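Chain by chain, the residues run as shown.
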Amino acid sequence: MKIAIGNDHGGVQLKQALKTHLIAKGYEVLDLGTNSVASTDYPIYGQKVSEAVINQAADLGIALCGTGIGISIACNKVKGIRAALCHDVFSAQATREHNDSNVLCMGARVIGDGLACMIVDTWLDAIYQGGRYAQRVALLEKG
Ligand code: RB5
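Thresholds, definitions, all that
Residues numbered from 1 in each chain as written. Predicted model: local features only at pLDDT ≥ 70, side-chain atom pairs only at ≥ 80, totals over all residues. Heavy atoms only, no water. Pairing = 2+ DSSP bridges. Helix = DSSP H or I, 4+ residues; strand = E, 2+ residues; numbered from the N terminus. Axes fitted to C-alpha atoms, helices over the stretch in contact; angles between N-to-C directions. Contact = heavy atoms within 4.5 Å. Buried < 20%, exposed > 50% of the residue type's maximum accessible area, 1.4 Å probe, protein only. Right-handed = clockwise from strand over helix to strand, strands pointing away. Near = heavy atom within 4 Å. Polar contact = N/O pair within 3.5 Å; in protein donor to acceptor, adjacent residues only side chain to side chain. Areas by Shrake-Rupley, 256 points an atom, 1.4 Å probe, with all protein chains shown as cover. Nonpolar A, V, L, I, M, F, W, Y, C, P; charged D, E, K, R; others polar. Phe/Tyr/Trp six-rings, centres within 6.5 Å; stacked < 30°, edge-to-face > 60°. Lys NZ or Arg CZ within 6 Å of the ring centre and 35° of its normal. Parallel < 35°, antiparallel > 145°, perpendicular 65-115°, else oblique. Left-handed = near helix turned anticlockwise from the far one by under 90°.

Draft legend 1. A look at the sheet that holds strand β3 (residues 60–65). Spatial ordering of the open sheet is given by β2-β1-β3-β5-β4, a layout of five strands whose pairing is parallel. Sheet topology places β2 (28–31) and β4 (83–85) at the edges, where each strand pairs with a single neighbour. The sheet shows a mean angle of 25° between the axes of neighbouring strands, direction not considered. Examined bridge by bridge, β3 and strand β5 (residues 103–107) share five bridges and lie parallel to one another. Across the sheet, residue cysteine 65 finds its bridge partner in β5, namely glycine 107. Sheet strands in contact with helix α5 (residues 113–125) are β1 (2–7), β3 and β5, and its direction is about 165° off that of β5.

Next comes the structure, spelled out in structure tokens:
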């Protein structure tokens, strides 16, 4: 499975930790930047990650900024993206099972590397449940 990952300057260090973690677990990682701590704009990277998922350059995406909020808003501007901002494992599991989220967003200034890795593992391992959740997900796409 290929995971697209992108971030602004606030997420560089967490991105490196997540990349190491994901590669060790056998995932392919598509790093869409930034890899610089110079100030940049989170919408650029939210869009890159989202487009990689929509264009099927990656199966799922992870997007990071300082809070995770800005980049999650940016990701959700892209049609077909269901980006979920998660800072706990319950939400990470629920959003895959219920929302079929295709991008996971986190804030590097909010949580540590260890929790972020657990959240990623939980999100990737969870399975969309479909059924009654499918009609709600379909309504999201109607806009
Ligand atoms: C950048 O300083 C910061 O605003 C950004 O990383 C993010 O937290 C925005 O939501």
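There's more to say after this.
Draft legend 2. Highlighting the pairing of β5. The element β5 is extensively covered by neighbouring structure, given that five of its five residues are classed as buried. The alternating pattern of β5 places Val103, Cys105 and Gly107 and Leu104 and Met106 on opposite faces, both of which are buried. In this structure, β4 lies alongside β5, joined through three bridges in parallel fashion. Pairing of leucine 85 across the sheet is with cysteine 105, part of β5. At this point the chain moves from β4, through helix α4 (residues 89–99), to the parallel β5, and the crossover so formed is right-handed.

Draft legend 3. Quick peek at the site of the ligand. All residues adjacent to the ligand are Asp8, His9, Tyr42, Cys65, Gly66, Thr67, Gly70 and Arg109. In the environment of the ligand, an oxygen atom lies 2.6 Å from a nitrogen or oxygen atom belonging to the side chain of aspartate 8. Between the ligand and the protein, one listed contact pairs an oxygen atom with a backbone N or O atom of glycine 66 at 2.7 Å. In the complex, 71% of the free accessible area of the ligand, which totals 290 Å², lies under the protein chains. Residue composition of the shell around the ligand, by class: two nonpolar, four polar and two charged.

Draft legend 4. Local environment of the pairing of β1. Among the six residues in β1, five count as buried, and that is most of the element. In this sheet, β2 lies alongside β1 in parallel orientation, the contact comprising four bridges. Across the sheet, lysine 2 pairs through a bridge with glutamate 28, a residue of β2. Sheet topology note: the β1/β3 ladder contains five bridges and is parallel. Its bridge partner being in β3, asparagine 7 is matched across the sheet by leucine 64.

Draft legend 5. Local environment of the environment of methionine 106. Turning to its location among the elements, methionine 106 is positioned in strand β5. Sequence separation between methionine 106 and leucine 64 is 42 residues, and the spatial gap between their C-alpha atoms is 5.2 Å.

Draft legend 6. Just the packing of aromatic side chains, in detail. Applying the stated rule across the entire model yields zero aromatic pairs. The ring of tryptophan 123 is capped by arginine 96, whose NZ or CZ atom sits 5.6 Å from the centre of that ring.

Draft legend 7. Layout of the packing of α4 against α5. At a minimum axis distance of 8 Å, the contact between α4 and α5 shows a crossing angle of 25°. Classed by the angle they form, the pair α4 and α5 counts as roughly parallel. The two elements α4 and α5 meet at a crossing, and its hand is right-handed. Where α4 approaches α5, its residues Val89, Ala92, Gln93, Thr95 and Arg96 are matched on the opposing element by Met118, Ile119, Thr122 and Trp123. Split into classes, the residues belonging to the contact of α4 with α5 amount to five nonpolar, three polar and one charged.

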